Protein chains: 2
Amino acid sequence: MPKYVEPVSRLIEELSKLPGIGPKTAQRLAFHMLSSPRDEVVRLAEAMIDARTKTRQCSVCFNITVDDPCEICSSADRDRTTICVVEYPRDVIAIERTGEYKGLYHVLHGVLSPMDGIGPNDIKLRELVARMKEPVSEVIVATDPNVEGEATAMYIARIAHTINVRTTRLAHGLPVGGDLEYADEVTLSRALEGRKEI
Amino acid sequence: MPKYVEPVSRLIEELSKLPGIGPKTAQRLAFHMLSSPRDEVVRLAEAMIDARTKTRQCSVCFNITVDDPCEICSSADRDRTTICVVEYPRDVIAIERTGEYKGLYHVLHGVLSPMDGIGPNDIKLRELVARMKEPVSEVIVATDPNVEGEATAMYIARIAHTINVRTTRLAHGLPVGGDLEYADEVTLSRALEGRKEI
């Protein structure tokens, strides 16, 4: 079968291994790289190797970090008695962007999902339980508001109660700037339930 | 604004520069690389640099090659009087797969497209005209069967006629294994026009 010259077919093959990149996209990306300035390709290749080799998971909160413990875990300005539990490092960024949260984090790197065969030992749950046994006043479970996220939150809450740690969950309600008309029934009934005096 | 640690945010930034890769996909790819075995990331990075540095365009046909002239241009088994003109290196692979063609190629690296500001000097047309002045019996124009491809074919045919070189175009008709019912009107009328005695 005729193929591209070896360095090109190998590049297409390696690119095809990336998630969500099919053979057509891999070919398109490969030819883009062939026609890009050499410096640009080298910069991307180095960024990949750098990111892979210079970062690690924080041994305390499992967020992505260069130094261990991470900047947040080692900061003197953070409230060390509050832990916000999230699914992925991107969620830490999202919450940090609010500028409202001053506690620590715990990144699970996933959610419980029996359908996908992901149980308590496949995510950083044991490590969370260990942290909850240190003096902690509140665990905010900020997993996604979907089936797996809720199930994971319930699982954490159950363990937290056995060791007398207060657990909270982010409020459900209407998105700010949203349109009441377009809110789904479940969100709307949760917004009603959680209504506040004004 | 809170961001990922520098090596990660730089990787996301570099990945976002690739065509068709938005910030969300770049983030997804970056985190995939962070959790992949180090070897795999290095292998992809090396494949990128190798493909970029070890390949070039053949100085005769402008196909992607490691050696110059390329394997096809320097082969003694190919008919050197026939040139098949294609838009991109991927088209060479497609025609080679048929196993039916024994001539040489010429890769334009694009098509004429006034709408996108691509004129004759932006693709390898001058180089094709130079090759047509050598002893050539036939130029097969295998650009894509769309507006730009047809316009480019017409442009090449016009030049070829002034220097008395025979030009042909790939046949239009029904795709083999296709369904007559689903063929568009233009393809169907071309298939009728090009009908053959059986």
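Residues numbered from 1 in each chain as written. Chains lettered and ligands numbered in written order. Predicted model: local features only at pLDDT ≥ 70, side-chain atom pairs only at ≥ 80, totals over all residues. Heavy atoms only, no water.

**Quick look at the overall build of chain A**
Secondary structure summary: chain A contains seven helices and six strands in total. For a compact globule of 198 residues, the expected C-alpha radius of gyration is about 16 Å, and chain A comes in at 22 Å, more than 25% above that figure. Referenced to the eigenvectors of the C-alpha coordinate spread, the extents of chain A come out at roughly 70 × 45 × 35 Å. Among the 198 residues that make up chain A, the fraction classed as buried is 43%. (Helix = DSSP H or I, 4+ residues; strand = E, 2+ residues; numbered from the N terminus. Rg over C-alpha atoms; globule rule 2.2 N^0.38 Å. Buried < 20%, exposed > 50% of the residue type's maximum accessible area, 1.4 Å probe, protein only.)

**Looking at the relation of the copies chain B and chain A**
Relative to chain A, chain B is turned by 180° and slid 0.1 Å along the rotation axis, the superposed coordinates differing by an RMSD of 0.1 Å. Here the transformation between the copies is reduced to the relation of a two-fold axis. Closest approach to the rotation axis among the C-alpha atoms of chain B is made by A45 of chain B, whose C-alpha sits 2.3 Å away. Of all interface residues in chain B, 100% are interface residues in chain A too; the two copies therefore contact each other through one and the same surface. (Least-squares fit on C-alpha atoms with pLDDT ≥ 70 in both. Contact = heavy atoms within 4.5 Å.)

**A short note on the nonpolar core**
Within the largest apolar cluster, 42 residues are counted, with the highest numbers of intra-cluster contacts made by L11, L15 and M48 of chain A together with L11, L15 and M48 of chain B. Those elements that provide at least two residues to this core are α1 (6-16), α2 (23-34) and α3 (38-54) of chain A together with α1 (6-16), α2 (23-34) and α3 (38-54) of chain B. Filtering out sequence-adjacent residues up to four positions away, L15 of chain A remains in contact with I21, A26, L29, A30 and M33 of chain A together with L44 of chain B. (Core = buried A, V, L, I, M, F, W, Y, C linked by side-chain atoms within 4.5 Å.)

**Concerning the pattern of salt bridges**
Counted by the stated rule, this structure contains 14 salt bridges over all chains. A salt bridge links R169 of chain A to E150 of chain A; the shortest N-O distance between them is 3.3 Å. Placement of the pair is R169 of chain A in strand β6 (residues 166-169) and E150 of chain A in helix α6 (residues 147-162), with a sequence separation of 19 residues. Each of the salt bridges in this network shares a partner with another, and the network as a whole consists of E6 and R10 of chain A together with D50 and K54 of chain B. (Salt bridge = Lys/Arg side-chain N within 4 Å of Asp/Glu carboxyl O.)

**A closer look at the confidence of the model for chain A**
Residue and element names in this part refer to chain A. Looking at chain A as a whole, its pLDDT mean stands at 92, while 100% of the residues score no less than 70. Mean pLDDT values over the elements of chain A span from 83, in helix α7 (residues 185-193), up to 97, in strand β4 (residues 103-107). The ipTM, which scores confidence in the relative placement of chains, is 0.84 for this predicted complex, and the corresponding pTM is 0.82. (pLDDT = per-residue confidence, 0-100.)

**Looking at the sheet that holds strand β4 (residues 103-107) of chain B**
All names here are of chain B. Spatially, β4-β3-β5-β6 is the arrangement adopted by the four strands of the open sheet, whose pairing is parallel. The open sheet has two edge strands, β4 and β6 (166-169), and neither has a second partner. Here the average twist between neighbouring strands, direction ignored, is 25°. Where strand β5 (residues 138-141) lies against β6, four bridges are found, and the strand directions are parallel. (Pairing = 2+ DSSP bridges. Axes fitted to C-alpha atoms, helices over the stretch in contact; angles between N-to-C directions.)

**Regarding the sheet that holds strand β5 (residues 138-141) of chain A**
Residue and element names in this part refer to chain A. Read across the sheet, four strands follow the order β4-β3-β5-β6 without closing on themselves; strand pairing throughout is parallel. Of all strands in the sheet, those with a lone pairing partner are β4 and β6, marking the two edges. When the angles between neighbouring strand axes are averaged without regard to direction, this sheet yields 25°. Where helix α5 (residues 125-132) meets the sheet, its contacts fall on β3 (79-86), β4 and β5, and the angle it forms with β4 comes to roughly 155°.

**Structural notes on the interface of chain B and chain A**
Listed per partner, the contact involves 49 residues of chain B and 49 residues of chain A. With both sides pooled, the region where chain B packs onto chain A buries about 4600 Å², and carbon together with sulfur makes up 75% of that total. On the chain B side of the interface with chain A, the three residues burying the most area are P2, M48 and R52 of chain B, jointly 14% of the side's total. Connecting chain B to chain A are two salt bridges. Of the charged contacts in the structure, one is a salt bridge between D50 of chain A and R10 of chain B, with a shortest N-O distance of 2.7 Å. Our enumeration of links across chain B and chain A arrives at seven residue pairs in polar contact (both at pLDDT 80 or more). Sorting the residues of the side of chain B that touches chain A by element identifies α1, α2, α3, β2 (64-65) and α4 (89-98) of chain B as the ones contributing at least two each. The leading source of residues in the side of chain B that touches chain A is α3 of chain B, at 15 residues. Each residue belonging to the side of chain B that touches chain A can be placed in one class, and the counts come to 28 nonpolar, seven polar and 14 charged. (Buried area = accessible area lost by both parts, 1.4 Å probe. Polar contact = N/O pair within 3.5 Å; in protein donor to acceptor, adjacent residues only side chain to side chain. Nonpolar A, V, L, I, M, F, W, Y, C, P; charged D, E, K, R; others polar.)

**What about the packing of α1 of chain B against α2 of chain B?**
Residues and elements named next belong to chain B. Relative orientation of the contacting elements α1 and α2 amounts to 130°, with a least axis distance of 8 Å. As judged from the angle between their axes, α1 and α2 are oblique. Considering only the axes of α1 and α2, their crossing is right-handed. Of α2, the residues touching α1 (which contributes V8, L11, I12, L15 and S16) are P23, A26, Q27, L29, A30, F31, M33 and L34. Broken down by class, the residue content of the contact of α1 with α2 amounts to eleven nonpolar, two polar and no charged. (Parallel < 35°, antiparallel > 145°, perpendicular 65-115°, else oblique. Left-handed = near helix turned anticlockwise from the far one by under 90°.)

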